[in-house]
Amino acid sequence: MPPVLDCEGVSAAYDSTLVLRDVDLTVEDGEIVGVMGKNGAGKSTLMKTIIGLLEPASGVVRYEGTDLAGTTADERANAGIGYIPQGRDVFPDLTVEENLLVGEGVNRDRERDLYDAVYDYFPILDERRTQKAGTMSGGQQQMLAIGRALVGNPDLLLLDEHSEGVQPSIVEEISENLRELNAELGTTVLFVEQNLGAIQDMADRCYAMERGRIVDEVGPEELQDEDAIASYLAV
Ligand SMILES: Nc1ncnc2c1ncn2[C@@H]1O[C@H](COP(=O)(O)OP(=O)(O)OP(=O)(O)O)[C@@H](O)[C@H]1O
């Protein structure tokens, strides 16, 4: 079976400024893989390139063995890639239920309705079904953004800094929920982060990114050694 995600020699630029340089990265079925790096390292750019908001200047992005070149972000979502951008991007004037309904639009498997699962993983969303998203806390909006991707029944979830603007105890809760849904639903996860706790709580293994390049790959044991990974982060 091919990896769920395979980036080979991927470079990307804004105008003529190269930001992502020759990135090789794979994510196997069922894994939770992190990419850690400081502000400006290129993590969001990597996510945008994988989901198709930015065309690579060179290299190949493959999803489940298929080259994604020339496909739009919508087509990639329909193929089973769920993307949770930095800053969450929930619809503030829509209720929790309505936000989830938007996410369901990309669900390819009509037999598999994941609303109940979302409300089980995130009970606060169940309690606030009719509340407008814009009135909820950062952590609750993050849960909603994850829920909205989840009801689309993704094989691969791409998460861009889910810890940002969320209080530490809620970051921990969200990381735990993500591990649970990975184990129970089999959803593969690639996340980018600079929060040490979220990286240690979530990742099976992790790539380190500096100035647009992958500079190291860190396995599960080394991940628990704070000193070993702190140099890659802004701590
Ligand atoms: N739309 C854009 N146009 C031009 N340059 C950009 C754009 N977005 C990001 N950059 C630049 O690309 C580099 C990488 O940015 P990116 O947002 O990918 O980093 P990051 O690792 O996600 O950082 P952060 O944690 O701050 O989000 C930075 O130097 C940034 O200034």
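The rules behind each value
Residues numbered from 1 in each chain as written. Predicted model: local features only at pLDDT ≥ 70, side-chain atom pairs only at ≥ 80, totals over all residues. Helix = DSSP H or I, 4+ residues; strand = E, 2+ residues; numbered from the N terminus. Rg over C-alpha atoms; globule rule 2.2 N^0.38 Å. Buried ≥ 20, exposed ≤ 12 C-beta atoms within 10 Å, placed from the backbone. Pairing = 2+ DSSP bridges. Axes fitted to C-alpha atoms, helices over the stretch in contact; angles between N-to-C directions. Contact = placed C-beta atoms within 7 Å.

Draft legend 1. Quick look at the overall build of the protein. Helix and strand content of the protein: 10 helices and 10 strands. The C-alpha atoms of the protein give 17 Å as radius of gyration, which agrees with the globular expectation for 235 residues (18 Å, within 12%). Seen along its three principal axes, the alpha-carbon backbone of the protein occupies a region of about 45 × 40 × 35 Å. When each of the 235 residues of the protein is scored for burial, the buried share is 44%.

Draft legend 2. Quick peek at the sheet that holds strand S3 (residues 32–36). The strand order S6-S7-S8-S3-S9-S10 describes an open sheet built from 6 strands, whose pairing is mixed. Sheet topology places strand S6 (81–84) and strand S10 (213–218) at the edges, where each strand pairs with a single neighbour. Neighbour-to-neighbour, the strand axes of this sheet turn through a mean angle of 20°, independent of strand direction. With 4 bridges connecting them, S3 and strand S9 (residues 205–210) associate as parallel partners. Residue pairing across strands places Val 35 opposite Tyr 207, the latter belonging to S9. Seen against the sheet, helix H1 (residues 43–51) touches S3, S6, strand S7 (156–160), strand S8 (188–193) and S9 and runs at an angle of roughly 150° to S7. Strands in contact with helix H6 (residues 138–150) are S6 and S7; relative to S6, the strand with the most contacts, it is inclined by about 165°.

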